[in-house]
Amino acid sequence: MADYVLSCSSSADVTSEWLDAHNISFVYFNYELDGVSLKDDFGKTNSPAELYAKMVAGTEARTSQVSVGDYIKHFTPMLEAGKDIVHVTLSSGISGTYNSACNAAEQLAAHYPDQHIYIVDSLAASAGYGLFMERLAALRDGGMGAQELATWAEEHRLELHHWFFSGDLSFFIRGGRISKAAGFIGGALKICPVMNVAPDGSLAVIEKIRTKRKAAKRVVQLMHQYATDGDAYSGKVFISNSECLADAHLVGDAIEQEFPNLDGPVHYFDIGATIGIHTGPGTVATFFWGSPRK
């Protein structure tokens, strides 16, 4: 058993049971609905259906990162137990949580000089962040030490691909991810932008495609283009969605048909509050390992 703790946040958009099964500790992100503070607790307080229904009905929703104080509370019991920590954060391109984690680690270093906290910026989001954690847990279980794992994570994080599209641009517009003019035109023309997470961890619109079905087909084509070993890809695929599982299956079913060497079936997850408040309903995100993002 590893002599360190592997840790992430609830914005990895898997489930708490999945993290527990992989022996990954986690800290909750935060969000607010009409000024009421809540934890992004994997949909236990507000299920995805409840959250998105409230947002569509006009509830004011906002997210807030994990505070330095919350990180200190999260890390301290591990250090007290004599454990080193590898904590992997949500992408710095969409959140300031990496800086908060680093600040907490610096404050704790003076009190626990014999332990080490390695903070890694995943440059990943949603279940792509979750897929990244799955690989790190496997490497840990294979005997990789804390410092070596943190180094591996930083060297290989850009090999994790994120491709996503949305049939509802209203929340991307509200959050400033897409301009109002582009969103109006896109809605009128039924355009579903195909987006990814850029090398700096930020969101980027790559292509503008009409209709969800064509966008789903394009994501599968991009996987053929970028996945490790192309059509012979033998890794895992995670797909997250915001209350549009049928749309997610447009992608997932095609992937299972066209990539016969997958490591198991496609895994489907809900987009949680931290990411979902910015995307709204109707978003499908596909994650796999491939050539480094450029």
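The model shown is predicted, which means the values in this text are computed figures rather than measured ones.

A positive phi angle, close to 55°, is found at Asn23, a residue other than glycine. Mapped onto the secondary structure, Asn23 falls in the loop between helix H1 (16-21) and strand E2 (25-27). On the accessibility criterion, Asn23 (46% relative accessible area) is partly exposed. Backbone geometry places Ser126, a non-glycine residue, at a positive phi of 50°. Assignment of secondary structure puts Ser126 in helix H5 (residues 126-141).

The next thing to look at is helix H2 (residues 48-56). Considered for burial, the residues of H2 that qualify are Pro48, Leu51, Tyr52 and Met55. The arc that holds the buried residues of H2, viewed along the axis, is 90°, so those residues lie on one side. Two residues or fewer after H2 comes Gly58, characterised by a positive phi angle close to 110°.

As a further point, take the sheet that holds strand E11 (residues 238-241). Strand pairs in the sheet, formed through backbone hydrogen bonds, run parallel or antiparallel to each other. If you walk across this open sheet you meet the six strands as E10-E9-E8-E13-E11-E12, and the pairing is mixed. Each edge of the open sheet carries a strand with a single partner, namely strand E10 (203-210) and strand E12 (267-270). Taking each pair of neighbouring strands and ignoring which way they run, the sheet shows an average axis angle of 20°. The sheet contact formed by E11 and strand E13 (residues 283-289) spans four bridges and is antiparallel.

Positionally, Asp141 belongs in helix H5. With 80 residues separating them in the primary sequence, Asp141 and Gln221 have C-alpha atoms 33 Å apart.

One pass over the structure, following the stated rule, counts five salt bridges. Put simply, Asp70 and Lys39 hold a salt bridge, and the shortest N to O gap is 3.9 Å. Taken together, the residues Asp70 in helix H3 (residues 68-80) and Lys39 in strand E4 (residues 36-39) connect sequence positions 31 residues apart. Note that Asp141 and Arg140 form a salt bridge whose closest N and O atoms lie 2.9 Å from each other.

Turning to the environment of Ser9, a few remarks are in order. Mapped onto the elements, Ser9 comes out in strand E1 (residues 4-9). A relative accessible area of 1% places Ser9 in the buried class. Taking the C-alpha atoms as reference points, Ser9 and Phe269, 260 residues apart in sequence, are found 15 Å from one another. Beyond its immediate sequence surroundings of up to four residues, Ser9 is in contact with Phe26, Val27, Phe29, His87, Val88 and Tyr129.

Attention now goes to the state of the cysteines. Under the definition given, this model contains zero disulfides. Not engaged in a disulfide, the cysteine Cys192 finds its nearest cysteine sulfur in Cys244; these two sulfurs lie 10 Å apart. Assessed through its relative accessible area of 4%, Cys192 is described here as buried.

Our next topic: the packing of aromatic side chains. Enumeration over the complete set of coordinates arrives at ten aromatic pairs. An angle of 85° between the planes, with centres 6.1 Å apart, marks the rings of Trp18 and Phe238 as edge-to-face. Residue Trp18 is located in helix H1, and its partner Phe238 is located in strand E11; the two are separated by 220 residues in the primary sequence. When sorted by exposure, Trp18 lands in the same class as Phe238, which is buried. Ring plane angle 15° and centroid distance 5.8 Å describe the contact between Trp163 and Tyr226, whose orientation is recorded as stacked. Linking Trp163 in strand E8 (residues 160-166) with Tyr226 in helix H9 (residues 212-226), this pair joins segments that are 63 residues apart in sequence. Among the aromatic side chains, those forming a connected cluster through ring pairs are Trp18, Phe238 and Phe269. Lying across the ring of Trp289, Arg135 places its NZ or CZ 4.2 Å from the centre.

For the rest of this paragraph, the subject is the confidence of the model for the protein chain. Summary statistics for the protein chain give a mean pLDDT of 93 and a share of 92% for residues scoring 70 or more. Here residues 181-186 is modelled with pLDDT under 50, and outside its nearest four sequence neighbours on either side it reaches six contacts, counting other chains as well.

Basis of the calculations
- Residues numbered from 1 in each chain as written.
- Predicted model: local features only at pLDDT ≥ 70, side-chain atom pairs only at ≥ 80, totals over all residues.
- Heavy atoms only, no water.
- Helix = DSSP H or I, 4+ residues; strand = E, 2+ residues; numbered from the N terminus.
- Buried < 20%, exposed > 50% of the residue type's maximum accessible area, 1.4 Å probe, protein only.
- Arc of directions from axis to C-beta.
- Pairing = 2+ DSSP bridges.
- Axes fitted to C-alpha atoms, helices over the stretch in contact; angles between N-to-C directions.
- Salt bridge = Lys/Arg side-chain N within 4 Å of Asp/Glu carboxyl O.
- Contact = heavy atoms within 4.5 Å.
- Disulfide = S-S within 2.5 Å.
- Phe/Tyr/Trp six-rings, centres within 6.5 Å; stacked < 30°, edge-to-face > 60°.
- Lys NZ or Arg CZ within 6 Å of the ring centre and 35° of its normal.
- pLDDT = per-residue confidence, 0-100.

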